[in-house]
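This is what each chain is made of:
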Amino acid sequence: MGSILNPLYYAVSWVMVTFHSFFGFIFGKDGHESIKWSLSIIGLVIVLRIILIPLFVKQIKSQRALTALQPHMKEIQKKYKDDRQKQSEEMMKLYKEHKTNPLASCFPILAQAPIFFALFTVLNGIARDVPHGFLKGDLLNAAQKAEFFGANLSSTFLSSGTNGQTKLVTIALIVFMSATTFTTQRQLMVKGMPKMDSSNNMMLQQQKIMLYVFPVIFAVTGVNFPVGVLIYWSTTNLWTFGQQFYVIKRNPTPGSPAYEELIKKRAIKNSETGELPSMDGSAAGDVNPDQDDETNQQKQRQQPSKKKKKKKK
Amino acid sequence: MRKIFSKAIKFYQRWISPAFGPRCKYYPSCSTYALNAIEEYGAKGIVMSAWRIIKCNPWSHGGVDYVLSKNSKQPIKTGAN
């Protein structure tokens, strides 16, 4: 296992060490190890999530392309309303036929697991004085002393013994992780998704799980994880929240409550400025799909101007 | 061994997956596929499931993809909804 993941140890430790020396310019070459290493972990998250942005944009694009398929989808729902299996089958066939699939796909989540595991190993290596990748020698010694709000980056809740500060920080991070996951999902359910008949039920079930099951999962796993891993986890959650918040505000899914809000806002603004209201599917945003798909053949699209974008904030 | 796998997948389906909403590009979903594949083919089913998950990537267009039964080569439709 270790040898397969070796390149990942190098990658993870390289990003961390690079950030560490970068922050050395800001905080000084010596000292301030705590803030330098904490920010290095956050930097690792940011690098990773920036790499993943194209995937996210791709998914948003295919979701928007669905507007064109809306009539077909309604037809399928009506035709097979008593047979959910057939309904899902036909829906998937439709997506495939039109070469657009709004779903996020399963692989990326699993692909993140090795990276997470590599970070876990590298940070554990700091605690146990085992060098991994580029994190060795003096750097390893320096990292061993780094703290996050007084809790050692490589300490865990369970291994911290009587160190109350580590326990406090761990609990705070676990609470933070639970809260961000919950808010992210809630925001998506309430504002970001097209209204469906079954959504109420699903939403309740989901919220129950988010409220009770996830904190338990986070707590059970979190007490075994080094503080550094928890920082990674919290930051990535926060990023997900921000990313989704941005998309829901600026480029919501057609048919979702957020989309209607945006259309309303634009209509009001347009009537103020005397422009024609644009009711097409192109709620403008920076991650707007390139409009070369079927969406455009039906409706004339108005190019959103810079000025409009600014005011929408 | 099969039991452990199906227990784990069922736990995932019951408690973890709903929180993230539907995300699989295929029908039936990767987890249902894995459940059926491991039930029907054992260790080979694990490989089949792994391949299915790799196929379920951002560049794929998804589609309908059932596990075929060993004997009759008919699609296994249990657990799919």
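The following paragraphs examine the structure supplied in this document.

**With respect to the nonpolar core**
Counting residues in hydrophobic clusters, the biggest one holds 35 residues, and the most contacted among them are Val12(A), Leu44(A), Leu153(A) and Tyr232(A). Secondary-structure elements contributing two or more residues to this core are helix H1 (2-27), helix H2 (33-65), helix H5 (107-127), helix H7 (164-192) and helix H9 (227-250) of chain A. Every residue in contact with Val12(A), bar those within four places of it in the chain, is listed here: Leu44(A), Ile115(A), Ala118(A), Leu119(A), Val122(A) and Gly133(A). By size, the runner-up hydrophobic cluster in this structure holds 20 residues, among which are Tyr27(B), Ile38(B), Ile53(B) and Ile76(B).

**Focus on the packing of helix H2 (residues 30-41) of chain B against helix H3 (residues 43-55) of chain B**
A pair of packed helices is captured by two measures, namely the crossing angle of their axes and the spacing between those axes. Residue and element names in this part refer to chain B. Interhelical geometry of H2 versus H3 gives an angle of 160 degrees and a closest axis separation of 7 Å. Viewed along their axes, H2 and H3 adopt a mutual orientation that is roughly antiparallel. You can see that H2 and H3 cross each other, and the crossing is right-handed. Residues Cys30, Tyr33, Ala34, Ala37, Ile38, Glu40 and Tyr41 of H2 pack against Lys44, Gly45, Ile46, Met48, Ser49, Arg52 and Ile53 of H3.

**Looking at the interface of chain B and chain A**
Residue-level contacts link 23 residues of chain B with 27 residues of chain A. Counting residues per element, the ones that place at least two in the side of chain B that touches chain A are helix H1 (2-20), strand S1 (26-27), H3 and strand S2 (63-64) of chain B. When residues in the side of chain B that touches chain A are grouped by element, the largest group, three residues, is from H1(B). Residue classes in the side of chain B that touches chain A are distributed as 14 nonpolar, six polar and three charged.

The rules we used
Residues numbered from 1 in each chain as written. Chains lettered and ligands numbered in written order. Predicted model: local features only at pLDDT ≥ 70, side-chain atom pairs only at ≥ 80, totals over all residues. Core = buried A, V, L, I, M, F, W, Y, C linked by C-beta atoms within 7 Å. Buried ≥ 20, exposed ≤ 12 C-beta atoms within 10 Å, placed from the backbone. Helix = DSSP H or I, 4+ residues; strand = E, 2+ residues; numbered from the N terminus. Contact = placed C-beta atoms within 7 Å. Axes fitted to C-alpha atoms, helices over the stretch in contact; angles between N-to-C directions. Parallel < 35°, antiparallel > 145°, perpendicular 65-115°, else oblique. Left-handed = near helix turned anticlockwise from the far one by under 90°. Nonpolar A, V, L, I, M, F, W, Y, C, P; charged D, E, K, R; others polar.

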